[in-house]
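Examining the three-dimensional arrangement
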Amino acid sequence: MAVTAVDITIESIRLDEDGGEDAITTFAKGKRAEYKGVVYVDYDEPAVSGLEGTHTLLKWYGDRLLLSRRGAVAQQQEFCAGCTSECLYETSFIVLPMKAETRLIESAVDSSAMDIYIEYFLTLGGEPQGLTKLRILVREDVGIGYKRQAGGSS
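Being a predicted model, the structure only gives us computed values, none of them experimental. (Residues numbered from 1 in each chain as written. Predicted model: local features only at pLDDT ≥ 70, side-chain atom pairs only at ≥ 80, totals over all residues. Heavy atoms only, no water.)

1. Description of the overall build of the chain
Our working rule: By definition, any uninterrupted DSSP run of H or I lasting at least four residues is a helix, any uninterrupted run of E lasting at least two residues is a strand, and each is numbered from the N terminus. Buried residues are those whose accessible area, probed at 1.4 Å on protein chains only, stays under 20% of the maximum for their type, while exposed residues exceed 50% and partly exposed ones sit between those limits. Two residues form a contact once any of their heavy atoms are found within 4.5 Å. In this description, accessible areas are obtained by the Shrake-Rupley approach with a 1.4 Å probe, and a residue is regarded as covered only by the protein chains that are shown. Positive charges come from Lys and Arg alone, negative charges from Asp and Glu alone, with His and the N- and C-terminal ends not counted. By convention, charge coordinates are those of NZ in Lys, CZ in Arg, CG in Asp, or CD in Glu.
Helix and strand counts for the chain come out as 0 helices and 10 strands. Starting at the N terminus and walking to the C terminus, you meet the elements of the chain as β-β-β-β-β-β-β-β-β-β. Considered along the principal axes of its C-alpha atoms, the chain spans approximately 65 × 35 × 30 Å. A total of 154 residues make up the chain; the buried ones form 36% of that total. Long-range contacts, defined here as pairs at least 24 residues apart, represent 35% of the contacts in the chain between residues at least 6 apart. When the accessible area of the chain is evaluated, it comes to approximately 9300 Å², of which 49% is carbon and sulfur surface. Side-chain charges in the chain split into 16 positive and 24 negative, and the spacing between the mean points of these groups amounts to 7 Å.

The following block contains the structure:
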């Protein structure tokens with residue numbers, strides 16, 4: 001099983017019951033591997049996500065996504081079209097029941113990239129949170145960047 005360094009972009013838009021919109025885009029570095037047809041992506045959540053101190057593992061099975069978090073936040077959620085998944089959202093301060101009703105899941109996955117789009121209705125602690133539109137982009141980290149050559153002129 002080959003492990004590849006990847007760049008991960010998570011775009012999330014939450015539409016609440018009153019028509020309000022809350023959008024966030026986060027970026028992380030991580031690792032990707034494939035084993036027996038399952039794609040694994042793991043990374044540490046960036047501080048801007050509000051999940052600092054949390055390690056996330058994504059497992060893509062071709063038609064469904066399993067999200068597992070551990071650390072500052074513990075959670076295990078499954079997304080598949082037409083499915084409802086219930087779990088506990090656990091922090092050191094609170095434990096809340098969480099439910100995701102997946103409305104749509106689309107994907108484009110190959111050996112160097114993964115693009116997964118999910119729409120789901122979220123309920124947290126029994127309170128509806130509205131519709132979430134989530135896009136997960138995983139691209140091979142090709143290490144492109146500026147390098148100054150030694151001995152060159154400025």
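2. Quick word on the nonpolar core
For soluble globular proteins, nonpolar side chains are generally found buried alongside one another. Convention followed: Take the buried residues of types Ala, Val, Leu, Ile, Met, Phe, Trp, Tyr and Cys, join any two whose side-chain atoms come within 4.5 Å, and each joined set is a nonpolar core.
Membership of the largest hydrophobic core comes to 27 residues, with the highest contact counts inside it found for I8, V41, L65, F79 and I118. At the level of elements, strand 1 (3-15), strand 3 (38-44), strand 4 (54-60), strand 5 (64-71), strand 7 (84-90), strand 8 (95-109), strand 9 (113-124) and strand 10 (127-140) are the ones that each hand at least two residues to this core. Broken down by element, the residue count for this core peaks at 5 residues, all from strand 9.

3. Concerning the sheet that holds strand 4
What counts, and what does not: At least two DSSP bridges between two strands are required for those strands to pair. The axes used here are C-alpha line fits, helices contributing only the stretch in contact, and every angle between their N-to-C directions lies in the interval 0 to 180 degrees.
Read across the open sheet, the 10 strands follow the order 6-5-4-3-2-1-10-9-8-7; overall the sheet is antiparallel. Only two strands of the sheet have a single partner each, and these edge strands are strand 6 (75-80) and strand 7. Pairwise comparison of adjacent strand axes, ignoring direction, gives a mean angle of 30° for this sheet. Where strand 7 lies against strand 8, 7 bridges are found, and the strand directions are antiparallel. Within strand 8, the residue paired with S85 across the bridge is A100.

4. Some details on the packing of aromatic side chains
This is how it is decided: What counts as a ring pair is set by centres within 6.5 Å for rings of Phe, Tyr and Trp (its six-membered ring), and what kind of pair is set by the plane angle: stacked under 30 degrees, edge-to-face over 60, tilted for all other angles.
The final tally for this structure, using the stated rule, is 1 aromatic pair. Centroid distance F79 to Y120: 4.9 Å. Interplanar angle 50°. Geometry classified as tilted. In this pair, F79 sits in strand 6 while Y120 sits in strand 9, placing the two residues 41 residues apart along the sequence. The class for F79 is buried, based on a relative accessible area of 4%.

5. Quick word on the environment of G53
Assignment of secondary structure puts G53 in the loop between strand 3 and strand 4. Judged by relative accessible area, G53 falls into the exposed class, the value being 55%. As for G53 and R14, which are separated by 39 residues in sequence, their C-alpha atoms are 23 Å apart. Dropping the residues within four chain positions of it, G53 is found in contact with R70, G71 and A72.

6. Some remarks on the side chain of R69
What counts is decided by this rule: Between N or O atoms, a polar contact is any pair within 3.5 Å; within protein, one atom must be a potential hydrogen donor and the other a potential acceptor, and residues adjacent in sequence are included only when both atoms are from side chains.
Note that R69 resides in strand 5. Among the polar contacts listed, one links the side chain of R69 to the side chain of E45, at a separation of 3.5 Å. Among the polar contacts made by the side chain of R69, one reaches the side chain of T56 at a distance of 3.4 Å. Among residues more than four places away in sequence, those in contact with R69 are E45, L51, T54, H55, T56, A74 and Q75.

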